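Structural overview
Below are the chains, spelled out letter by letter.
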Amino acid sequence: MINKDSSRTKTKTISAIPTHDQLSMLTQSLYRSSMNDDFLNPFFEELRECCQLRSAVAVLLDLRTLNFKSIWESGNTEGESDLTIQNQLYKKDPLFQLVMSAPKDQFYATNLDIPEWRKTVDRSILDWSKLTGISEACGASIQIDNNQALAVFLQRGEQDPSFSIQEREQFNNLIPHFREALLLHQGKVEQQTNQVQGDAIIEVFPIPAFILNKHFEVSSHNSKADRWLKSTNKVSLKNKQLSLKDANQRNLLALQVSKIFALNSKYVRDHFFKWEMGSENWAFTLKPIVEKTQDAQKVLYVLCFVHQEGYSLQPSIWALSQIYSLTEREGDICKELLKGNDLPATAETLGISIHTVRDMLKKRIFKKCQCHSQNELIAKLLSNPAAYTAEIM
């Protein structure tokens with residue numbers, strides 16, 4: 001969180017601006033980090049490598065006291081971090097003061113926004129700057145709610161590239177994802193117990209979610225599932241068994257779950273299928289929770305998500321497009337597929353040829369979403385918790 005010493009003149013290269021693909025990969029990494037205990041630490045490792053940063057740090061602040069609640073970082077030594085926090089150097093930093101007083105949710109850079117920082121900088125900041133070799137920084141205060149903010153600082157040394165306006169604008173694109181990833185992480189932490197991973201995260205999902213074991217029993221479900229079960233007369237949960245009340249389809253879920261448990265480890269993937277019941281169409285996504293070992297992976301539980309056609313809460317195509325770097329047309333195709341339309345219906349709705357739909361799906365959408373089939377794509381899009389944050393915030 002240190003500013004550039006303007007008394008020293010060095011020739012520095014302009015920073016390489018993250019490409020669109022790099023920004024997409026960073027966004028996906030940020031959401032993956034939301035489900036890690038270390039949260040931003042692994043993300044910052046990738047960000048440093050991608051953007052030529054000396055170090056990166058994020059502090060979760062209590063806005064009532066400006067005291068920190070949590071800290072994540074990469075690149076700073078333990079001694080540097082202790083000095084910063086214990087002596088509250090971050091409060092004395094002109095960049096910190098700027099980002100806390102200026103409009104929120106945008107990045108500011110010392111070399112761009114505080115050209116005369118030496119007139120106000122604390123001596124301890126100068127000493128810390130010499131100790132660490134950090135000469136300039138880029139920072140933002142990201143409003144989480146009325147009581148907390150996430151202060152993010154990206155730091156560089158004398159030999160690193162300078163922050164540019166274009167690069168700062170690219171960092172601004174990450175701000176809503178920082179906020180959503182933190183909310184997801186906090187939801188996971190609040191739900192975390194000594195149970196399996198699935199128990200810790202199902203409450204994050206704003207749709208009905210169940211955990212099924214290898215005996216096809218529902219071992220846990222979220223509050224949305226409770227409300228859904230009370231509102232439908234087509235499905236029942238009795239003696240830990242989730243089943244359709246239609247006798248002809250009663251055991252369909254158990255059959256699909258058994259197939260997942262029976263799969264060879266290298267074929268374990270998400271599954272998607274539909275139950276059609278007269279005027280109601282229910283879609284069920286089955287997501288394996290696996291235990292990975294050095295040689296293989298074993299299915300421990302299966303997460304089951306439930307979606308209804310016309311259900312008021314649907315995945316955000318905007319969020320999915322941001323996460324997977326989809327173009328507007330690619331997002332439209334995904335939207336139609338999530339509605340349950342097949343390729344001919346999708347082509348007709350969008351006014352394009354089925355050849356175009358199939359070509360974009362196989363050559364571009366599958367590649368960006370790292371999928372190999374249409375069913376796998378739908379399962380991945382429906383079961384990504386980050387896709388729903390835009391609707392529930």
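For the structure itself, look to the data block above.
Here we summarise the structure given alongside this text. The residue numbers shown here count from 1 along each chain, following its written sequence. With pLDDT at 70 or above as the cut-off, local features in this predicted model cover only qualifying residues; side-chain atom pairs require 80 or more to be listed or tallied, and sums for whole chains, interfaces and linings still use all residues. Note: side-chain values were computed over all heavy atoms of the structure, leaving out hydrogens and water.

1. Some thoughts on the overall build of the protein
Secondary structure counts use DSSP, requiring at least four H or I residues in a row for a helix and at least two E residues in a row for a strand, with both numbered from the N terminus. Helix and strand counts for the protein stand at 17 helices and 12 strands. Put simply, the protein has 393 residues, and 50% of those count as buried. For the protein, long-range pairs separated by at least 24 residues make up 62% of all intrachain contacts whose partners lie at least 6 apart in sequence. Using a 1.4 Å probe, accessible areas were evaluated by the Shrake-Rupley method; residue-level cover was limited to the displayed protein chains. In the form shown here, the protein has an accessible surface area of approximately 18900 Å², with 46% of it arising from carbon and sulfur atoms. In this scheme, a residue with accessible area under 20% of its type's maximum is buried, one over 50% is exposed, and one in between is partly exposed, where area comes from a 1.4 Å probe on protein chains only. Contact between two residues is taken to exist if any of their heavy atoms lie within 4.5 Å; hydrogens are not considered.

2. Quick notes on unusual backbone geometry
The residue Phe 39 is not glycine, and still its phi comes out positive at about 50°. Along the polypeptide, Phe 39 turns up in the loop between helix H1 (20-33) and helix H2 (40-51). Not every positive phi belongs to a glycine, and Asn 239 is a case in point at roughly 55°. Using a relative accessible area of 66% as the deciding quantity, one classes Asn 239 as exposed.

3. Re the environment of Met 360
Within the element layout of this structure, Met 360 appears in helix H15 (residues 354-369). Distance in space between the C-alpha atoms of Met 360 and Glu 330 is 7.2 Å, their sequence separation being 30 residues. The contact partners of Met 360, leaving out residues within four places of it in the chain, are Arg 329, Glu 330, Ile 333 and Ile 365.

4. What about the packing of helix H12 (residues 317-324) against helix H13 (residues 328-338)?
Where H12 meets H13, the closest approach of the two axes is 10 Å, and the angle between their N-to-C directions is 125°. For the element pair H12 / H13, the angle class is oblique. Classified by chirality, the crossing of H13 by H12 is right-handed. Listed contacts from H13 to Ile 317, Leu 320 and Ser 321 of H12 are Gly 331, Lys 335 and Leu 338. When residue character is reported, Ala, Val, Leu, Ile, Met, Phe, Trp, Tyr, Cys and Pro are called nonpolar, Asp, Glu, Lys and Arg charged, and the others, Gly included, polar. When grouped by side-chain class, the residues that make up the contact of H12 with H13 number 3 nonpolar, 2 polar and 1 charged. Note on method: axes are straight lines fitted to C-alpha atoms, helices fitted across the in-contact stretch only, with angles between N-to-C directions ranging 0 to 180 degrees. Oblique is the label for every angle not falling under 35 degrees (roughly parallel), over 145 degrees (roughly antiparallel), or within 65 to 115 degrees (roughly perpendicular). Left-handed is the label given to a crossing in which the near helix is rotated counterclockwise from the far helix by less than a right angle, and right-handed is the label when the rotation is clockwise.

5. What to know about the nonpolar core
Residues enter a nonpolar core if they are buried and are Ala, Val, Leu, Ile, Met, Phe, Trp, Tyr or Cys, with the set joined through side-chain atoms within 4.5 Å. With 55 residues, the main nonpolar core has Leu 40, Phe 44, Leu 150 and Phe 178 as its most contacted residues. Per-element accounting of this core gives the leading share, 7 residues, to helix H8 (residues 165-191). Those residues in contact with Leu 40, other than ones at most four positions away along the chain, are Leu 30, Ala 58, Trp 72, Leu 150 and Phe 178. Core analysis: the second largest hydrophobic core is formed by 19 residues, Leu 244, Phe 284, Leu 286 and Val 302 among them.

6. Thoughts on the environment of Cys 138
With respect to the helices and strands, the residue Cys 138 is situated in strand E4 (residues 134-143). Here Cys 138 falls in the buried class, since its relative accessible area comes to 0%. Sequence-wise, Cys 138 and Glu 167 are 29 residues apart; in three dimensions their C-alpha atoms are separated by 10.0 Å. Residues contacting Cys 138, with those up to four places away along its chain left out, are Leu 95, Phe 107, Tyr 108, Ala 109, Val 152, Phe 153, Leu 154, Phe 163, Arg 168 and Phe 171.

7. Points about the packing of H13 against helix H14 (residues 343-350)
Relative orientation of the contacting elements H13 and H14 amounts to 130°, with a least axis distance of 10 Å. The pairing of H13 with H14 is recorded here as oblique in orientation. Along this stretch, H13 crosses H14, giving a crossing that reads as right-handed. Contacts between H13 and H14 involve Arg 329, Asp 332, Ile 333, Glu 336 and Leu 337 from the first element and Leu 343, Thr 346, Thr 349 and Leu 350 from the second. Of the residues that constitute the contact of H13 with H14, the class distribution is 4 nonpolar, 2 polar and 3 charged.

8. What to know about the state of the cysteines
When two cysteine sulfur atoms lie within 2.5 Å, the pair is treated as a disulfide. Per the counting criterion, the structure on display carries 0 disulfides. With no disulfide of its own, Cys 51 lies closest to Cys 50 among cysteine sulfurs, the gap being 4.0 Å. Residue Cys 371 stays outside any disulfide, its sulfur separated by 5.4 Å from that of Cys 369, the closest cysteine.

9. Looking at the side chain of Ser 33
With respect to the helices and strands, the residue Ser 33 is situated in helix H1. Excluding anything up to four places from it in sequence, Ser 33 contacts Phe 39, Pro 42, Phe 43 and His 185.

10. As for helix H11 (residues 252-262)
For H11, every residue scored as buried is listed here: Leu 253, Gln 256, Val 257 and Ile 260. For H11, the arc enclosing every buried residue in end-on projection is 95°, short of the 170-degree limit, so these residues lie on one face. What the arc describes is the spread of directions from the helix axis to the C-beta atoms.

Honestly, it's all geometry; don't read function into it.
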